[in-house]
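# Observations on chain architecture
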Amino acid sequence: MSHETLENLLNETRTFQPSDEFAAVANAQPFIYAQANKDRIAFWEEQAALLQWDRHWDTALDWQPPYAKWFVGGTLNASVNCLDRHVNEGRGERIAFHFEGEPGDTRTITYAQLLTDVKKAANALTELGVKTGDRVAIYMPMIPEAAIAMLACARIGAPHSVVFGGFSAEALLSRIQDADASLVITADGGFRKGSAFALKPAVDEALLGETNVKKVLVVKRTGQEVAWDSDRDIWWHDAIDRASDEHVAASFDSEHPLFILYTSGTTAKPKGIFHTTGGYLTQVAFTHRMVFDLKPETDVFWCTADVGWITGHSYVVYGPLINGATQVMYEGTPDTPHKGRIFEIVEKYGVTILYTAPTLILTWMKWGDEFPLAHNLSSLRLLGSVGEPINPEAWIWYNLIIGGGRCPIVDTWWQTETGAIMISPLPGVTATKPGSAMRPLPGISAKVVDERGNPVEKGHGGYLILDQPWPSMLRGIWGEPDRYKDNYWSKFDGIYFAGDGAKLDDDGAIWLLGRVDDVMNVSGHRISTTEVESALVSHEAVAEAAVVGAADAMTGQGIVAFVILRSGIAHAEGDELIQQLRNHVAKEIGAIAKPRQILVVAELPKTRSGKIMRRLLKDVAENRAVGDSTTLADPNIMKLISAGLRNSTPEE
Ligand code: WTA
């Protein structure tokens, strides 16, 4: 975080009060903080009681740091809470999803239809041999079947592991292996940027590796040609058509694993963050109702996240469906076929609550006001932001141009690990400041602490920590208990360290300052520097690589790589090689991890003990004067590298 940004934050004094009209009827009223403070556990029990349990819990919380169990002894079924309950209580005809495909095809899916589809899919999975506890990998475009697949897994107690459709075959394979999945659900492909992209070939390629995958279920979305292994591959429609639409859901323990979701950490190997059932559902439902002020009878909620990310899990699938929300689901990119597509969809379905990421807001700003202004966005009444710090200018633009100056903005801080929103304004209660996530939600304890773990004074910065367990917290890293402890619980004993820096302002509001570890945040996607370095070094031309995240006006951070080539590799007209390397990273990890810039260097800045000084590379990548380099083994190196970067041009 540069000094300039810090200064700007210090100067940000604007506040936005919720309107009296909004506040009067808001789901969350001011007393909720005091209520939660009085007895945090009892508060969460009240929230949990809003779910449908088959057996009530015996103990609300069993906390053996760093392992929490919530609602111990209780049993429930996630898909029953999302679907059956609404149908049984007479809400079956309510629309669950307005689906909009990128080519313009649409589907309207009611809760009753969704339940039928999920029952059939659950029966199909069982017929294919999936049992309670088996892991299922889901690799799909953003279509209703992705949600149906997740809910069908939940219904039979088979933890799902959704792998973002933009990840490569290699990335898919490592996740299938790590979770030891026995079945993959995918599609022939999906639509993006005006054409069909393929998914099935990546699955075929991944399954050349060693796995225990027995069957692959394939949704026909694009109709493109696919290779077919008739012993292994089954069309989704064939399996679903012949499945019965009767399915009585079993009840699972509150702590039964609901899903695994892989996310980047500080090493090359992604972490399988795993979440269980009762606590997770309690907090996603609570936060969705309170932070978004959901009025299920009248609101149309649209979270633009893909189900491949935690935001899609918590605020497209589980939270909104538990609350009986009507949602928009859109398959494609925001500029296809034109830059007003999102606004057109808001107008078409009368979206009232829009939840998106700063990177998209910045993109809209760049495209120009004429696109949102060409549409009637007056249905919107609340806006949300997630994934990275939103800068005050983008916040103000979002407020004025998208929200017409009338919509509260909730800037929500949370992580794959936290499962649900942790720090956010409550829209009818909190006077917001542009760029601040404000304060921990009721029932959540978050603090900013110094290096020793002591809370900082107002006006100071430090590390963001969570010092009390919360219902939707991760229950571990799949199969790696030591890594779980090391990663999250070792910096401060018995306290969860999120990896983010933060600052308290003079009023005690929290301002997020980005990651303090080696994890980059590119357009809201977490990518580890090590992961990209490993991908680069796996290319035959590369001997050594160092990767840093450099501040980027559009994407938060951009990936800048410094590579040393193997001896004998000519770098005469290097553009072709650079392009090859970028494509190689895309192949190894996915297009989201493509470096913005790759610079071939003769040496990397190292200390005498051989540690790469990434801090100096970051200075260079961010066009700053290089900081203290006196500990470098060879101080001249930085001059050469700086000169090299000035002569190189960023890609795309
Ligand atoms: C960042 C996404 C600032 C942060 C839900 C965190 C944010 C990481 C915000 C988690 C926000 C998320 N303000 N930074 N409102 N929301 N982040 O696991 O660095 O994909 O640690 O979860 O995104 O990313 P993840």
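## A word on the overall build of the protein chain
- For the protein chain, the helix and strand inventory stands at 21 helices and 30 strands.
- Computed over its C-alpha atoms, the radius of gyration of the protein chain comes to 24 Å, within 12% of the 26 Å expected for a compact globule of 652 residues.
- Dimensions of the protein chain, computed from C-alpha atoms along their principal axes, come out at roughly 75 × 60 × 55 Å.
- The burial tally for the protein chain puts 61% of its 652 residues in the buried class.
- Taken as a whole, the protein chain presents about 24,900 Å² of accessible surface, with 50% of it coming from carbon and sulfur.
- Positive and negative side-chain charges of the protein chain, numbering 60 and 82 respectively, have mean locations separated by a distance of 2 Å.

## Observations regarding the sheet that holds strand β21 (residues 446-449)
- Ordered by their spatial adjacency, four strands build an open sheet running β21-β22-β24-β25, and the pairing between neighbours is antiparallel. The open sheet is flanked by β21 and β25 (510-515), the only strands paired with a single partner. Strand-to-strand twist in this sheet, taken as the mean axis angle between neighbours without regard to direction, amounts to 45°.

## Let's talk about the sheet that holds strand β6 (residues 136-139)
- Strand order in this open sheet of eight strands is β12-β11-β8-β6-β7-β14-β15-β23, and the pairing throughout is mixed. The sheet is open, and its two borders are formed by β12 (233-235) and β23 (476-477), each paired with just one other strand.
- Judged from the three bridges that link them, strand β11 (residues 215-219) and β12 form a sheet pairing that is parallel. Across the sheet, residue Val-218 finds its bridge partner in β12, namely Trp-235.

## Details of unusual backbone geometry
- Look at the link from Pro-65 to Pro-66: it is a cis peptide, with omega at 0°.
- The residue after Thr-336, namely Pro-337, is reached through a cis peptide bond having omega 0°.
- With respect to the secondary-structure elements, Pro-337 resides in the loop between β17 (326-330) and α13 (341-349).
- Positive phi, normally seen in glycine, also occurs at Phe-71, with a value near 60°.
- By the secondary structure assignment, Phe-71 is in strand β2 (residues 67-72).
- Overall, Phe-71 belongs to the buried group, its relative accessible area being 0%.
- Located in the positive-phi region is Asp-180, a residue other than glycine, with phi close to 50°.
- With respect to the helices and strands, the residue Asp-180 is situated in the loop between α8 (169-179) and β8 (183-187).
- Given a relative accessible area of 35%, Asp-180 falls into the partly exposed group.

## Topic: the site of the ligand
- Close contacts around the ligand come from 17 residues, with Asp-411, Thr-412, Thr-416, Arg-515 and Arg-526 the closest.
- With respect to the ligand, the side chain of Asp-411 contributes an N or O atom lying 2.7 Å from a nitrogen atom.
- Asn-521 is positioned with one of its side-chain polar atoms (N or O) 3.4 Å from an oxygen atom of the ligand.
- For the shell around the ligand, the secondary-structure elements that each account for two or more residues are α12 (310-322), β20 (409-412) and β25.
- Of the residues that constitute the shell around the ligand, the class distribution is six nonpolar, six polar and five charged.

## Side note on the environment of Thr-126
- Tracing the sequence through the fold places Thr-126 in helix α6 (residues 111-127).
- Between the C-alpha atom of Thr-126 and that of Ile-637, which follows or precedes it by 511 residues, the distance is 61 Å.
- Within polar-contact distance, the side chain of Thr-126 engages the backbone oxygen of Ala-122 at 2.9 Å.

## Let's talk about the nonpolar core
- In terms of nonpolar packing, the biggest core is built from 164 residues, with Ile-185, Tyr-318, Val-532 and Leu-536 touching the most fellow members.
- It is helix α7 (residues 144-156) that contributes the most residues to this core, ten residues altogether.
- Once you skip the residues sitting within four places of it in the chain, Leu-536 turns out to touch Val-542, Ala-545, Val-547, Ala-561, Val-563, Leu-581, Val-585 and Ile-598.
- One finds Val-328, Tyr-330, Tyr-349 and Leu-383 within the second-largest nonpolar core, a separate group that totals 29 residues.

## Quick notes on α12
- Of all 13 residues making up α12, 13 are buried, and the element is well covered by its neighbours.
- Positive phi appears at Gly-324, one or two residues downstream of α12, with a value of about 70°.

## Here's the deal with the environment of Asp-54
- Here Asp-54 is to be found in the loop between α4 (40-48) and β1 (59-64).
- Of the polar contacts made by the side chain of Asp-54, one reaches the side chain of Ser-251; its length is 2.5 Å.

## Notes on the pairing of strand β28 (residues 542-552)
- Along β28, eight of the eleven residues are buried, which leaves the element largely enclosed by surrounding structure.
- Bridge count between β28 and strand β29 (residues 556-565): ten bridges; the pairing is antiparallel. Of the residues in β29, the one forming a bridge with Gly-549 is Ile-559.
- Between the antiparallel neighbours β28 and β29 lie three residues.

Conventions we followed
Residues numbered from 1 in each chain as written. Predicted model: local features only at pLDDT ≥ 70, side-chain atom pairs only at ≥ 80, totals over all residues. Heavy atoms only, no water. Helix = DSSP H or I, 4+ residues; strand = E, 2+ residues; numbered from the N terminus. Rg over C-alpha atoms; globule rule 2.2 N^0.38 Å. Buried < 20%, exposed > 50% of the residue type's maximum accessible area, 1.4 Å probe, protein only. Areas by Shrake-Rupley, 256 points an atom, 1.4 Å probe, with all protein chains shown as cover. Lys, Arg positive; Asp, Glu negative; His and termini not counted. Charge placed at Lys NZ, Arg CZ, Asp CG, Glu CD. Pairing = 2+ DSSP bridges. Axes fitted to C-alpha atoms, helices over the stretch in contact; angles between N-to-C directions. Near = heavy atom within 4 Å. Polar contact = N/O pair within 3.5 Å; in protein donor to acceptor, adjacent residues only side chain to side chain. Nonpolar A, V, L, I, M, F, W, Y, C, P; charged D, E, K, R; others polar. Core = buried A, V, L, I, M, F, W, Y, C linked by side-chain atoms within 4.5 Å. Contact = heavy atoms within 4.5 Å.

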